[in-house]
Amino acid sequence: MMSSKRAGLLDPAFLKKLERLRIHARRAFPGSTRGERRSTRRGSSVEFSDFRKYEAGDDFRHVDWSIYARLERLMLRQFVEEEDVRIDILIDQSRSMRFGEPITKFDYARRAAAALAFLGIGSLDRVGVATFDSAMKSRIRALRGRGHLRSILSFLDCLSDDDVSKEKQETVEANERAEGESKNEDEQAAETNLSAALRGYQKANLRQGILFIISDFFSSDDYRQEIKMLAHRGFDVNLIQVLAPEEMNPRLVGDLLLVDSETGQSREITASERVVAAYREALNEFTSSLESLCRTHGSGYTLVTTDIAFEELLLKNLIESRMAE
């Protein structure tokens, strides 16, 4: 039986709608085993790719005899080989992601990660999930198969609360030992340092693949350089920015003391219409610059708020931003 929390991550009725989708890859990648993705290598699928000259030892079954009859030259037909792709999903677990009601940005991110994992495994791709704050934290390595999807859902379930129970903690550690992965012992959400987390990711992953980063992107470091580097190295990068409705349209009035949830720094303000308008303008510039960065480097970007129906995120936003098809 699937637990109530796990059922909340992936509603059975919603799964039927997801079955017709798959994660969109903007480029071809060299896979490791046969799957449903177009590979950079040439193989023997049914989709024709190109011709090349016959060489000693080649399979005569691939010779195009019609060309030989016309030109008296042995030419081989080549076909696109379909292989699996590695898909990594990085979830921001910093303190700022615990904001929002009735659903926090972090819980919304977990649900998005579960749905993306379902799509990836349904395409016979290898899917891995990891969390980060000031560095890479908990992770479950990239594998294939329906059994691995259950492991991912269990992993995401255990991330649902700040006070992870001992039983859930032991479940996560057992899953990771079985998969040969280590787990960071520090479970407390910390200040975001996306740049450091992405540098750690790049060191651990030399082969290109599809990367999803789910975050509010409220990080003071220059993570844009790391995103550019990932795109330059051939990764298919996709940013899903999750914000709370209160962050998009704050309803603040009067003299207030605002406390940064990550650094603990405080600031006294008087929330007038002019101040709130200036905040909205600054936020719009921030999200627009992030979208522009992605567009420039061929990456995907979408902005969602936690009050948007989750079905709309998957069935509308991801398709419009070419993250799914």
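The structure this text deals with has already been given above.
Residues numbered from 1 in each chain as written. Predicted model: local features only at pLDDT ≥ 70, side-chain atom pairs only at ≥ 80, totals over all residues. Heavy atoms only, no water.

Right, let's talk about the layout of surface pockets for a bit. Of the voids in this model, the largest pocket is the one considered here, and its volume is about 1,300 Å³. Taken together, 31 residues make up the lining of the largest pocket; nearest its centre are Phe218, Leu258, Val259, Asp260 and Tyr279. Broken down by element, the residue count for the lining of the largest pocket peaks at 6 residues, all from helix 10 (residues 273-296). Split by residue class, the lining of the largest pocket holds 13 nonpolar, 8 polar and 10 charged. (1 Å grid on protein atoms, 1.4 Å probe; cavity = no way out; pocket = protein on both sides within 12 Å on 5 of 7 lines; lining within 4 Å. Points joined across faces, edges and corners; volume = space filled by probe spheres on them. Helix = DSSP H or I, 4+ residues; strand = E, 2+ residues; numbered from the N terminus. Nonpolar A, V, L, I, M, F, W, Y, C, P; charged D, E, K, R; others polar.)

If you look at the biggest cluster of nonpolar residues, it comprises 46 residues, and the most contacted ones within it are Leu18, Ile89, Leu156, Phe212, Ile214, Ile240 and Leu314. Every element with two or more residues in this core is listed here: helix 2 (12-18), strand 3 (86-92), helix 4 (105-122), strand 4 (126-132), helix 5 (146-157), strand 6 (210-215), strand 7 (236-243) and helix 11 (310-320). Not counting residues within four places of it along the chain, the set of residues in contact with Leu314 comprises Phe14, Leu18, Leu21, Ala115, Leu119 and Ile319. In this structure, Ala130, Leu198, Leu243 and Cys294 belong to the second largest nonpolar core, which totals 23 residues. (Core = buried A, V, L, I, M, F, W, Y, C linked by side-chain atoms within 4.5 Å. Buried < 20%, exposed > 50% of the residue type's maximum accessible area, 1.4 Å probe, protein only. Contact = heavy atoms within 4.5 Å.)

This brings us to the pattern of salt bridges. In the structure shown here, the tally under the stated rule is 9 salt bridges. In this structure, the salt-bridge partner of Glu247 is Lys105, at a minimum N-O distance of 2.8 Å. Of this pair, Glu247 sits in helix 9 (residues 245-248) while Lys105 sits in helix 4, placing them 142 residues apart in sequence. Accessibility assignment for this pair places Glu247 and Lys105 in one class, buried. Put simply, Lys105, Asp216 and Glu247 are held in one network by salt bridges that share partners. (Salt bridge = Lys/Arg side-chain N within 4 Å of Asp/Glu carboxyl O.)

Counting buried positions along strand 8 (residues 254-259) gives 0 out of 6 residues, so the element sits mostly on the surface. Pairing of strand 8 with strand 9 (residues 266-271), which is carried by 6 bridges, proceeds in the antiparallel orientation. Directly across from Leu256, in strand 9, lies its bridge partner Ile269. As consecutive antiparallel partners, strand 8 and strand 9 are separated by 6 residues, and within that stretch Gly264 has a phi angle of approximately 80°, a positive value. (Pairing = 2+ DSSP bridges.)

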